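# Structural description and commentary
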Amino acid sequence: DAGITQSPRHKVTETGTPVTLRCHQTENHRYMYWYRQDPGHGLRLIHYSYGVKDTDKGEVSDGYSVSRSKTEDFLLTLESATSSQTSVYFCAIRSGDTEAFFGQGTRLTVV
Amino acid sequence: SQQGEEDPQALSIQEGENATMNCSYKTSINNLQWYRQNSGRGLVHLILIRSNEREKHSGRLRVTLDTSKKSSSLLITASRAADTASYFCATSFSARQLTFGSGTQLTVLP
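In this report, the structure presented in the accompanying data block is examined. (Residues numbered from 1 in each chain as written. Chains lettered and ligands numbered in written order. Predicted model: local features only at pLDDT ≥ 70, side-chain atom pairs only at ≥ 80, totals over all residues. Heavy atoms only, no water.)

### Here's the deal with the nonpolar core
Residues and elements named next belong to chain B. What counts is decided by this rule: Nonpolar cores are built from buried Ala, Val, Leu, Ile, Met, Phe, Trp, Tyr and Cys residues. Side-chain atoms within 4.5 Å join them into one set. Burial classes: relative accessible area under 20% of the type maximum marks a residue as buried, over 50% as exposed, and values in between as partly exposed (1.4 Å probe, protein chains only). Here a strand is any run of E in DSSP of at least two residues, a helix any run of H or I of at least four, and the numbering for each starts at the N terminus.
Of all hydrophobic cores here, the largest spans 21 residues; its most connected members are Met-21, Leu-32, Trp-34, Leu-74, Ile-76, Tyr-87 and Leu-106. Those elements giving two or more residues to this core turn out to be strand E2 (10–14), strand E3 (19–25), strand E4 (31–37), strand E5 (43–50), strand E7 (61–66), strand E8 (71–76), strand E9 (85–94) and strand E11 (104–109). No other element matches the four residues that E3 contributes to this core.

As structure tokens, then:
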């Protein structure tokens, strides 16, 4: 398996609280991505990074921010969690315009 | 909006039969990829086909790409119960984005 780890794997949080999800890779891949997966929607891109401190918005970025201060870590923050952000979140990595490797996912429930 | 859309959304077949899933997309691509997801797990890459390729094989998988129709198909031959999973196509037009469809749920009955 590619060296990509997401933490936490499960989290329950209250509406209005900030939440940070972590993606850690040991592959030294340049590109990192955060997706959310909801029934009927497949995977939708939230944010991606193309290098340290280089990030950009994806399709569903409202309410989310990201940071990448090191090649190996890509953090996703829900600034003020809402029930609509209850989802399964996946991190992915790529070395270029090639195949992606995925983490095992984080199941987030906002109550 | 999703770049790729899979068809059908769900497919149920008997073990030993072939399974075909289709993917349509909207814009130009560099490559198209297929992924598999077992329930509750992350996605696993199956096969990548570049825009200048028309067909590619990997084991029991056969992928075709028609860039004029903006469509691709994934054929799984001699399906097994262990092939039961969701299958997603993903389109890539640069390394910065990889856009997924909504997936096909394949059930292979023993």
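More follows now that the structure is in view.
### Observations regarding the pairing of strand E5 (residues 42–51) of chain A
All names here are of chain A. For clarity, the cut-off: For two strands to pair, DSSP has to find at least two bridges joining them.
Buried residues dominate E5, accounting for ten of its ten residues. Here strand E4 (residues 31–38) runs beside E5; their pairing, made up of seven bridges, is antiparallel. In the sheet register, Gln-37 faces E5, and the bridge partner there is Leu-43. Hairpin connection from E4 to E5: three residues lie between these consecutive antiparallel strands, with Gly-40 at a positive phi of about 85°. Note that E5 and strand E6 (residues 54–57) share four bridges and pair antiparallel.

### A word on the sheet that holds strand E7 (residues 64–70) of chain A
In any sheet, the strands associate via hydrogen bonds between backbone groups, in a parallel or an antiparallel arrangement. All names here are of chain A. As a reminder of what qualifies: Note on geometry: axes are lines fitted to C-alpha atoms, helical ones only across the stretch in contact, with angles between N-to-C directions running from 0 to 180 degrees.
With antiparallel pairing, the four strands of this open sheet are ordered in space as E1-E3-E8-E7. What marks the edges here is a single partner per strand, and that holds for strand E1 (4–7) and E7. Averaged over all pairs of adjacent strands, the angle between strand axes in this sheet comes to 20°, irrespective of strand direction.

### A short note on the interface of chain A and chain B
Applicable threshold: In this analysis, two residues are considered to be in contact whenever any of their non-hydrogen atoms come within 4.5 Å of each other. By buried area we mean the combined loss of accessible area, with a 1.4 Å probe, across both parts when two parts are placed together. One speaks of a salt bridge when a side-chain nitrogen belonging to Lys or Arg is within 4 Å of a carboxyl oxygen belonging to Asp or Glu. Under the convention adopted here, Pro, Cys and the residues Ala, Val, Leu, Ile, Met, Phe, Trp and Tyr are nonpolar, Asp, Glu, Lys and Arg are charged, and Gly plus all remaining residues are polar.
With 24 residues of chain A in contact, the opposing surface of chain B contributes 25 residues. Of the roughly 1900 Å² buried where chain A meets chain B, counting both sides, 47% is carbon and sulfur surface. When the buried area of chain A at its contact with chain B is split by residue, A:Leu43, A:Asp97 and A:Phe102 rank highest and sum to 26% of it. Run the count over chain A and chain B and you get zero salt bridges. Elements with a minimum of two residues in the side of chain A that touches chain B: E4, E5 and strand E9 (87–94) of chain A. Per-element tally for the side of chain A that touches chain B: the top contributor is E5(A), with six residues. When grouped by side-chain class, the residues that make up the side of chain A that touches chain B number ten nonpolar, eight polar and six charged.

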